[in-house]
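Given next are the chains, with one letter for each unit.
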Amino acid sequence: MYRRKVATIVKPFFCRERSSLLLRKVPGTLNIDFNVKQISCRFLCIGNYDTKPDLKDKTQESCSFTYRTHTCGELRASNKGEKVILCGWVQFIRLSKFLLLRDSYGLTQCTIKDSDTSVADIPLETIVKIHGIVVPRPENTFNPNMKTGEIEVSIGKIEILNHVEKLPFNLREYQKPKEQLRLQHRYIDLRFPEMQYNLRQRSLMLHNMRRFLIERHNFCEIETPTLFCRTPGGAREFIVPTHHTGLFYSLVQSPQQFKQMLMSGGVDRYFQVARCYRDESTRPDRQPEFTQLDIELSFTTLDGILAMIENLLYETFIKDLPKPPFHRMTYKDAIENYGSDKPNVTYDLRLKNISYLFNDNYTLYVIPFSNKLGKLTAKYKEKVKELQKKYNVKVVLDEHLMKELGNEVASKIKNVIGVENAGIVAVGGEENVCLCLGEIRQFLAPLLESKQLLHIDNTMKPLWVVDFPLFIKGENGLETCHHPFTAPHPDDVQLLDTDPENVRSLAYDLVLNGNEVGGGSIRIHNARLQEKILKILKIDSSKLSHFLDALRSGCPPHGGIALGIDRLVSIACNAESIRDVIAFPKSHDGKDPLSGAPNVISEDDRNYYHLK
């Protein structure tokens, strides 16, 4: 499931020291070998799996307030002769004489010297407490793949703290069960080294972000309510019934209104690690409940917000990022060149506008690629058919250009893309044509790379997408592209009355290797302008009277952003899904396999909440 081999490195903003986190495997067993070290700036770093730690370095205090003296990843040859107490899970027993003990920090081999002590009947994954003495291993039995591989603990006494009865699956990498079973028993799945690593990296990154914001830039962390009223013009929200007849709360989809009212209240630098909720379909990169780093700042500009986030991520993100400033791209360029508002620029496979070749009122774009790929297989042709239907455009594959478009048109296209290239053409409405080819581009890239016909750069390539339209066409008129509180571009304000569809916004999205990991905007701080935007969107302003009053009360200019923590961490950990970086996620259908939620409620509860 995990393709990563090497973990990347946290770059703290007070120093650049690095430590190591080692992940090793014992055949047929689960093996964790962690090292976390304390460095002079009191900043926790976790780094490369394959870097050996300096044995003189002190570990973070992981045994305080417990009855163990050391963790299972801590003991070294320098501890020879010490009496120790270890606690953990029994991972492996060999010859009824050797016991491999595991905790969240690593592995220690323990040996039986006393003939009266037996471990043969202890089930694997049983929790034990071991009293023993650290002894050196014979030199010819050193295990270089374990940080504790030069020592073992001679067991003087072993206590069983909790017997294991039966596990639903074995904790062995090669026997890893399907995700649904692992989610159903997540408390066991969390013991796998990938989950231990991912959750600790998540904790570390959030810790670093808090330090950057509070200690370096004087932001104030403030918690805002989860139970609120519905926010018009946004994503669908979860409804929470109350015992008041006909009255409901909504779970907030973001703290948007609260953080803007904080600006009005004089809290000029706010952030929180916010829990957010959206009643939407679940995908690998989306959950009905998710976490975002929510930030708002008064008296700022678009450039100010972007610079802040660039420095925040450069100094706290787990993987190496290019030095700020990050590349910027307009929404128009992103759509026309990459067919997406979150373009993946790790490979050079761009769309070309060939409408100028023809006199008709059609929009034509082509995506060129090496003709050495040959014809697409039936699987990919079926995908093309689905996209053609989804976007209501005509898609013509390279081998059908002459048949579908005629010899003259096909020759013109070949002259543009080059004889060494094949091309897939889409015809129709401009934006739909680009979006359709953008999705074709996404599945073409790995296919071309597998044939060594395209190079995909695996380094991190963040970019900002700016100049989004303020409005988009919806089924019932204009809809907001981001949310109703986004400020229009000052150069386009005069178009609000005459040509609102061509008004740009002061919104911005942060894209990392084809993934949207953050989004925000400069906000509307003037109540009259806000009322005007609500009127264009046909939103009843009376439902936002509290918010408009806050703007009228003397609200400073302000802007902000929300970073998707789940997506950021999944990218940093090379996880295939954000579920792999969340302790207790929902499954692909939005349900909780662990508890079975959502559940049916009792008749008494239905009556209490006045539900029929």
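Before reading further, recall that the structure is shown in the block above.
About the criteria used
- Residues numbered from 1 in each chain as written.
- Predicted model: local features only at pLDDT ≥ 70, side-chain atom pairs only at ≥ 80, totals over all residues.
- Heavy atoms only, no water.
- Helix = DSSP H or I, 4+ residues; strand = E, 2+ residues; numbered from the N terminus.
- Buried < 20%, exposed > 50% of the residue type's maximum accessible area, 1.4 Å probe, protein only.
- Contact = heavy atoms within 4.5 Å.
- Areas by Shrake-Rupley, 256 points an atom, 1.4 Å probe, with all protein chains shown as cover.
- Axes fitted to C-alpha atoms, helices over the stretch in contact; angles between N-to-C directions.
- Parallel < 35°, antiparallel > 145°, perpendicular 65-115°, else oblique.
- Left-handed = near helix turned anticlockwise from the far one by under 90°.
- Nonpolar A, V, L, I, M, F, W, Y, C, P; charged D, E, K, R; others polar.
- Core = buried A, V, L, I, M, F, W, Y, C linked by side-chain atoms within 4.5 Å.
- Pairing = 2+ DSSP bridges.
- Phe/Tyr/Trp six-rings, centres within 6.5 Å; stacked < 30°, edge-to-face > 60°.
- Polar contact = N/O pair within 3.5 Å; in protein donor to acceptor, adjacent residues only side chain to side chain.
- Salt bridge = Lys/Arg side-chain N within 4 Å of Asp/Glu carboxyl O.

K.L.:
Mind showing me how you'd approach the overall build of the protein here?
P.N.:
When helices and strands are counted, the protein shows 14 helices and 22 strands. The 612 residues of the protein split such that 51% are buried. Summarising the internal contacts of the protein: among those between residues at least 6 apart in sequence, 68% fall at separations of at least 24. Looking at the protein as shown, the accessible area adds up to about 30,000 Å², and 49% of this sits on carbon and sulfur atoms.

K.L.:
Any chance you could explain the packing of helix α3 (residues 193–216) against helix α5 (residues 302–316) here in plain terms?
P.N.:
The geometry of a pair of packed helices is captured by two quantities: the angle between their axes and the separation between those axes. Between α3 and α5, the shortest axis-to-axis distance is 9 Å and the interhelical angle comes to 130°. The angle between α3 and α5 falls in the class oblique. Handedness of the α3/α5 crossing: right-handed. For the pair α3 and α5, the contacting residues are M205, N208, M209, F212 and R216 in the first and M308, N311, L312, L313, E315 and T316 in the second. Among the residues making up the contact of α3 with α5, the classes are represented as six nonpolar, three polar and two charged.

K.L.:
I tried to follow the side chain of Q257 on my own but got confused; where do I start?
P.N.:
Note on placement: Q257 falls in helix α4 (residues 256–264). Once residues within four sequence positions are removed from consideration, Q257 is found in contact with F228, T231, F485, L544, H546 and F547.

K.L.:
Any chance you could explain the environment of T301 here in plain terms?
P.N.:
Summarising the element assignment, T301 is placed in the loop between β11 (289–298) and α5. Each C-alpha atom, one on T301 and one on G560, is 9.5 Å from the other, the two residues being 259 residues apart in sequence.

K.L.:
How do you make sense of the nonpolar core when you look at a structure like this?
P.N.:
I295 and I309 are the most contacted members of the largest nonpolar core, which has 62 residues in total. For this core, the element with the most residues is α5, which contributes eight residues. Discounting chain neighbours no more than four positions away, the residues touching I295 are L213, F219, K259, Y270, F271, M308, I309, L312, G560 and I561. L349, V384, V393 and L463 belong to the second-largest nonpolar core, a separate cluster that totals 40 residues.

K.L.:
Looking at this structure, how should I read the sheet that holds strand β7 (residues 227–228)?
P.N.:
Either a parallel or an antiparallel arrangement is found when strands of a sheet pair, and the pairing is made through backbone hydrogen bonds. Taken in spatial order, the three strands make up an open sheet running β7-β9-β8, and their pairing is antiparallel. Edge positions in the sheet fall to β7 and β8 (239–241), since each has one partner strand and no second. The pairing of β8 with strand β9 (residues 248–251) spans three bridges and is antiparallel. Within β9, the position partnered with P241 by the bridge is F248.

K.L.:
Could you clarify how one ought to interpret the sheet that holds strand β1 (residues 83–94) in this entry?
P.N.:
Spatial strand order, β1-β2-β3-β5-β4: five strands in a closed barrel with mixed pairing. In this sheet, adjacent strand axes meet at a mean angle of 55° when their direction is disregarded. Judged from the five bridges that link them, β1 and strand β2 (residues 98–103) form a sheet pairing that is antiparallel. Across the sheet, residue V90 finds its bridge partner in β2, namely L101.

K.L.:
Would you mind going over the packing of aromatic side chains with me for this structure?
P.N.:
To describe a pair of aromatic rings, one takes the distance between the centres and the angle between the planes. Applying the stated criterion across every chain yields a total of six aromatic pairs. Measuring from centroid to centroid gives 4.3 Å for F228 and F258, while their planes differ by 45°, and the two rings are tilted. Pair noted here: F228 is in strand β7 and F258 is in helix α4, with a separation of 30 residues, a long-range link. Arranged with centres 5.2 Å apart and planes meeting at 40°, the rings of Y331 and F468 form a pair that is tilted. Of this pair, Y331 sits in helix α6 (residues 331–338) while F468 sits in the loop between β17 (462–466) and β18 (471–474), placing them 137 residues apart in sequence.

K.L.:
Can you walk me through the side chain of E336 in this structure?
P.N.:
Residue placement: E336 occurs in helix α6. In this structure the side chain of E336 is engaged in a polar contact, spanning 2.9 Å, whose partner is the side chain of K332. Residues in contact with E336, not counting those within four places in the same chain, are L351, Y365, E430 and C434.

K.L.:
It is not clear to me how the pattern of salt bridges should be interpreted in this structure. Could you clarify?
P.N.:
A side chain with one charge can pair with a side chain of the opposite charge if their charged atoms come near. A complete count under the given rule lists 34 salt bridges for this structure. One salt bridge in this structure joins E280 and R286, with 3.6 Å as the shortest N-O distance. The class for R286 is partly exposed, based on a relative accessible area of 24%. Connected through shared salt-bridge partners, K259, D294, E296 and R523 make up one network.

K.L.:
Explain the pairing of β9 here, please?
P.N.:
Within a regular strand, the side chains alternate between the two sheet faces. The pairing of β7 with β9 spans two bridges and is classified as antiparallel. Its bridge partner lying in β9, F228 is registered against S250.

K.L.:
Got a minute to help me understand the environment of I367 in this structure?
P.N.:
Inspection of the secondary structure assignment puts I367 in strand β14 (residues 363–370). You can call I367 buried: its relative accessible area is 0%. Discounting chain neighbours no more than four positions away, the residues touching I367 are L349, R350, L351, A422, G423, I424, L437, R441 and L444.

K.L.:
Please explain the packing of helix α11 (residues 527–536) against helix α12 (residues 545–552) as it appears in this structure.
P.N.:
Close contact between α11 and α12 brings their axes to 8 Å; oriented N to C, the two are set at 150°. In terms of their interaxial angle, α11 and α12 are classed as roughly antiparallel. Taken together, the residues of α12 that come into contact with α11 (itself represented by A527, Q530, E531 and L534) are F547, L548, L551 and R552. Along the lines of polarity and charge, the residues of the contact of α11 with α12 split into five nonpolar, one polar and two charged.

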